[in-house]
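# Geometric and topological summary
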Amino acid sequence: MSLPSLPYLSRSLALAAVLLTGTAHAMAADASAPSASSWRDARQLVLVVTDGWDATTGTLQRFEVREGRWQAVAAAAPIAVGRNGAAWGLGLHPAQAQGPQKREGDGRAPAGVFTLGEAFGYAAKADTAMPYRAMQATSYCIDVPDSPLYNRIIDTRTEGEAAAKGSTEPMRLDLHNQGDIRYREGLVIGHNPKATPRAGSCIFAHLWRTPGEPTAGCTAMASETMDSVLAWLRPDARPVFVLLPRVEYARLAHDWQLPEAAR
């Protein structure tokens, strides 16, 4: 058998190097990409299920791990979501190509699996083990996509009044909107943690003004539901928030190791 020529060997080695480099890059990307294992250490889960992408209402149910499996700890309660339904958000879950994608101002609640951040409200303190921030007249969530503070709650006393220019999210709605109760109690939902511009911002679980009233993209509920959620949550349980239309939930529940949803 004749030996390959030097040019042939050079081309082969170059091709192998390209393939190996591409494989290494793909492996690195896969390693950093969200997957179902991203929430494997969660021991508490708040589950919101709606009847479809365009549905504006649904149910919320709480689960925790007992004896190695998810078990419901309360009955399902009614909630409202975005005025235009839901759309895939940016969170702990793998990207989903099928279905609407969350965008700033689209009136849709982000679907997927998300961390739960700090609690907030009008009072100086709250009955919760979660980190809590009392909102002030100077507190704003920045929903201006081009702002370096996009998707963050700020205080203009420290950031300056110019930092909130253009924001439509004052966190003391009662002071800015004739006693509005919606942010009297709430939780930050960890959507778009990298603050990707125009991917959606200021996503909360909060109170509703009237039962079933849709939101601009948050999840709203009765005060008794919110009180139960806040009192139950524990940071050491790594709680997650899951919102899915029922069909998507049925498709993903097994692979994502999610609990059985209430019917």
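Numbering of residues begins from 1 in every chain and follows the order in which that chain's sequence is written. Per-residue local features are limited, in this predicted model, to residues with pLDDT of at least 70; the limit for side-chain atom pairs, both in listing and counting, is 80 or more; totals at the level of whole chains, interfaces and linings are taken over all residues. Water and hydrogen atoms play no part in the side-chain values, which are based on all heavy atoms of the structure.

Moving on to the overall build of the protein. Secondary structure follows DSSP: runs of H or I at least 4 residues long count as helices, runs of E at least 2 residues long count as strands, and numbering of each begins at the N terminus. Within the protein, the secondary structure is distributed over five helices and 14 strands. Residue burial in the protein is summarised as follows: out of 263 residues, 46% are buried. A sequence separation of at least 24 residues applies to 61% of the contacts in the protein between residues at least 6 apart. Here the protein displays about 13,700 Å² of accessible surface, and carbon together with sulfur accounts for 55% of that area. With a 1.4 Å probe rolled over the protein chains alone, any residue whose accessible area is under 20% of its type maximum counts as buried; one over 50% counts as exposed, and the rest are partly exposed. Contacts are assigned to residue pairs with any non-hydrogen atoms lying within 4.5 Å of each other. Per-residue and other accessible areas follow the Shrake-Rupley method at a 1.4 Å probe size, with only the shown protein chains counted as cover for residues.

So, about the pairing of strand E2 (residues 57-66). Here strand E1 (residues 44-50) pairs with E2 via seven bridges, running antiparallel. Following the sheet pairing, glutamine 44 is matched in E2 by glutamate 64. Two strands are counted as paired when DSSP detects at least two bridges linking them. Taking the residues that link successive antiparallel strands as the turn, the E1-E2 hairpin has six residues. Pairing analysis gives four bridges linking E2 to strand E3 (residues 69-72), with the strands arranged antiparallel. What sits directly across from arginine 66, in E3, is arginine 69. Counting the residues in the hairpin turn of E2 and E3 gives two residues, including glutamate 67, whose phi is positive at 55 degrees.

This brings us to the sheet that holds strand E8 (residues 139-141). Strand order in this open sheet of three strands is E9-E8-E10, and the pairing throughout is antiparallel. Looking at the sheet topology across the chains shown, the edges are occupied by strand E9 (153-155) and strand E10 (169-170). As paired elements, E8 and E10 share two bridges and run antiparallel to each other. Within E10, the position partnered with tyrosine 140 by the bridge is proline 170.

Time to look at unusual backbone geometry. A positive phi angle, close to 70 degrees, is found at asparagine 151, a residue other than glycine. One non-glycine residue with positive phi stands out, namely glutamine 178, at about 55 degrees.

Pairs can form between side chains of opposite charge whenever their charged atoms are close. Take a side-chain nitrogen of Lys or Arg and a carboxyl oxygen of Asp or Glu: if they are within 4 Å of each other, that pair is a salt bridge. This model, assessed by the stated rule, comprises 15 salt bridges. Between arginine 246 and aspartate 51 there is a salt bridge, with the nearest N and O atoms lying 3.5 Å from each other. Linking arginine 246 in helix H5 (residues 246-252) with aspartate 51 in the loop between E1 and E2, this pair joins segments that are 195 residues apart in sequence. For aspartate 51, a relative accessible area of 63% gives the class exposed. The salt bridge partner of glutamate 118 is arginine 133, with a shortest N-O separation of 2.9 Å.

This next bit is on empty space enclosed by the protein. A cavity here means a set of 1 Å grid points, computed over protein atoms only, where a 1.4 Å probe fits but cannot escape. A pocket is an open set with protein on both sides within 12 Å along at least 5 of 7 lines, and lining residues have an atom within 4 Å of a point. Grid points are joined across faces, edges and corners, and a volume is the space filled by probe spheres set on the points. Summed over all chains, the structure comprises four cavities of 30 Å³ or more. Considered as a void within the structure, the largest cavity measures approximately 50 Å³ in volume. What lines the largest cavity is Val46, Leu60, Leu116, Leu187, Ala205, Met221, Met226, Val229 and Phe241. Under the scheme applied, nonpolar residues are Ala, Val, Leu, Ile, Met, Phe, Trp, Tyr, Cys and Pro; charged residues are Asp, Glu, Lys and Arg; polar residues are all the others, including Gly. A per-class count over the lining of the largest cavity returns nine nonpolar, no polar and no charged.

The next point concerns the confidence of the model for the protein. Residue-level confidence of the predictor is summarised by pLDDT, bounded by 0 at the bottom and 100 at the top. Summing up the model confidence of the protein, the mean pLDDT is 90 and the portion of residues at 70 or higher is 86%. Considering only residues more than four positions removed or in separate chains, one finds that residues 1-31, a stretch of pLDDT under 50, has one contact.

Turning our eyes to something else, we now look at the state of the cysteines. Note: disulfide means a covalent bond formed between the sulfur atoms of two cysteine side chains. Cysteine sulfur atoms that pair up within 2.5 Å are treated as a disulfide. All told, the structure shown has one disulfide when counted by the stated rule. Here cysteine 141 pairs with cysteine 202 through a disulfide, and the sulfurs are 2.2 Å apart. Looking along the S-S bond of the cysteine 141-cysteine 202 disulfide, the torsion reads about -95 degrees, which is the left-handed sense. On the criterion of sequence distance, the pair formed by cysteine 141 in strand E8 and cysteine 202 in the loop between strand E11 (185-189) and strand E12 (204-207) is long-range, its members being 61 residues apart. Here cysteine 141 falls in the buried class, since its relative accessible area comes to 2%. Residue cysteine 202 is classed as buried on the basis of its relative accessible area, which comes to 3%.

A few words now on the environment of isoleucine 203. With respect to the secondary-structure elements, isoleucine 203 resides in the loop between E11 and E12. Classification of isoleucine 203 as buried rests on a relative accessible area of 5%. C-alpha separation for the pair isoleucine 203 and proline 110, spaced 93 residues apart in sequence, amounts to 8.0 Å. In this view, isoleucine 203 contacts Lys102, Pro110, Leu187, Val188, Ile189, His191, Gly217 and Cys218; residues no more than four positions away in its chain are not counted.

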